[in-house]
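Chain by chain, the residues:
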Amino acid sequence: MDNAIFRFPKPINEPVKAYAPGSSEKASLKKALAQLSSEEWDIPLVIGGKEIRTGNTGKVVMPHDHHHVLATYHKAGEKEVQMAIDAAMKAHKEWSELPWVERASIMLRVAELLATKYRYILNASVMLGQSKNPFQAEIDAPCELIDFLRFSTFYASQVYADQPYSETGILNRMEYRALEGFVFSLTPFNFTSIASNLNMAPAMMGNVAVWKPSTTAIHSNYFLMKVFQEAGLPDGVVNFIPGQGSVIG
């Protein structure tokens, strides 16, 4: 039995690194850029926690250097779209009934991984895959992305704590429940933080998602999906299905 009433403290904005000449963060970012520039990823769909390769592929290139291929990604068809919906709905009951503090703990774990272990790799992915400069990438992802996650947990605690007034002899109580279906998350190319938030904010409140990432942001978005999994997001809560918008939509 969990009788704890938990309130998360109000977070502060993630500090923005300056990447000044000679700084350790600049050296770490250059190392991450060199690493990702030398790699070519094979990006699958992620449905119900499983990687799926359809064989119908496209290329992820640097917008500022179309000859440089960063990844080959697999495209979802109608079959995979239905699989993603089925996986989301299979995960719905257990996830929506999980205590909200446990859902919040996963959100905070994602934020911590991106603030520390994966900060420079994420930043480099955004720079190479979406042509942002170091400052633009830093304020988008990791910083704003981390802020979304941390503030979501804080504001969720306020939502759940907001209860109706009770007259003498009457106990009024409001309980919040997730949507009965799934969220279709169609995310943009220009803000990696929004790509995360359009999935993880609904997930914070017990919802499940089918995620169609922008074709021109697949590199960083796939990386986020892997971090979600590492942080403990259960299989099927978010399902990653890149592909043609007209097919998936």
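The structure contained in this document is the topic of the report that follows. (Residues numbered from 1 in each chain as written. Predicted model: local features only at pLDDT ≥ 70, side-chain atom pairs only at ≥ 80, totals over all residues. Heavy atoms only, no water.)

Space inside the largest pocket adds up to approximately 750 Å³. Looking at the largest pocket, it is lined by 25 residues, and the ones nearest its centre are W100, Y160, Q163, M174 and E175. A breakdown of the residues in the lining of the largest pocket according to their chemical character gives 13 nonpolar, 5 polar and 7 charged. Approximately 240 Å³ is the volume attributed to the second largest pocket. Every residue lining the second largest pocket is listed: G48, A87, K90, A91, E94, W95, L98, E102, I106, P234, D235 and G236. Elements that contribute at least two residues to the lining of the second largest pocket include exactly α2 (78-97) and α3 (100-115). Per-element tally for the lining of the second largest pocket: the top contributor is α2, with 5 residues. Tallied by class, residues from the lining of the second largest pocket come to 6 nonpolar, 2 polar and 4 charged. (1 Å grid on protein atoms, 1.4 Å probe; cavity = no way out; pocket = protein on both sides within 12 Å on 5 of 7 lines; lining within 4 Å. Points joined across faces, edges and corners; volume = space filled by probe spheres on them. Nonpolar A, V, L, I, M, F, W, Y, C, P; charged D, E, K, R; others polar. Helix = DSSP H or I, 4+ residues; strand = E, 2+ residues; numbered from the N terminus.)

A contiguous nonpolar surface patch, about 340 Å² in accessible area, is contributed by M89, F182, F184 and L186. Along the chain, M89 turns up in helix α2. (Patch = residues over 30% accessible without salt bridge, like charges linked within 9 Å, V, L, I, M, F, W, Y side chains within 5 Å. Areas by Shrake-Rupley, 256 points an atom, 1.4 Å probe, with all protein chains shown as cover. Salt bridge = Lys/Arg side-chain N within 4 Å of Asp/Glu carboxyl O.)

A separate point is helix α5 (residues 134-161). The terminal C-alpha atoms of α5, which comprises 28 residues, lie 39 Å apart, in line with the 40 Å expected from a rise of 1.5 Å per residue. At C143, α5 shows its largest bend, some 35 degrees. (Expected span 1.5 Å × (residues − 1). Bend = angle between axes of the 7 residues up to and from the residue.)

With that settled, the discussion passes to empty space enclosed by the protein. The final tally for this structure, using the stated rule, is 1 cavity of 30 Å³ or more. Approximately 30 Å³ is the volume attributed to the largest cavity. Looking at the largest cavity, the residues that line it are G49, M225, Q229, L233, P234, D235, G236 and V238. When grouped by side-chain class, the residues that make up the lining of the largest cavity number 4 nonpolar, 3 polar and 1 charged.

The next thing to look at is helix α1 (residues 24-37). If you check α1, its first and last C-alpha atoms are 20 Å apart, about what 14 residues at 1.5 Å a residue would give, namely 20 Å. Taken residue by residue, α1 has E25, L29, A32, L33 and L36 as its buried positions. Taken down its axis, α1 places every buried residue within 100 degrees of arc, on the same side. Residues of α1 that are exposed and point over 90 degrees away from its buried face: S24, K30 and K31. Where the residues of α1 are buried, they touch β1 (41-43), β5 (65-74), α4 (119-130), α5 and α7 (218-230). (Buried < 20%, exposed > 50% of the residue type's maximum accessible area, 1.4 Å probe, protein only. Arc of directions from axis to C-beta. Contact = heavy atoms within 4.5 Å.)

Bear in mind that shape data such as this cannot, by itself, settle questions of function.
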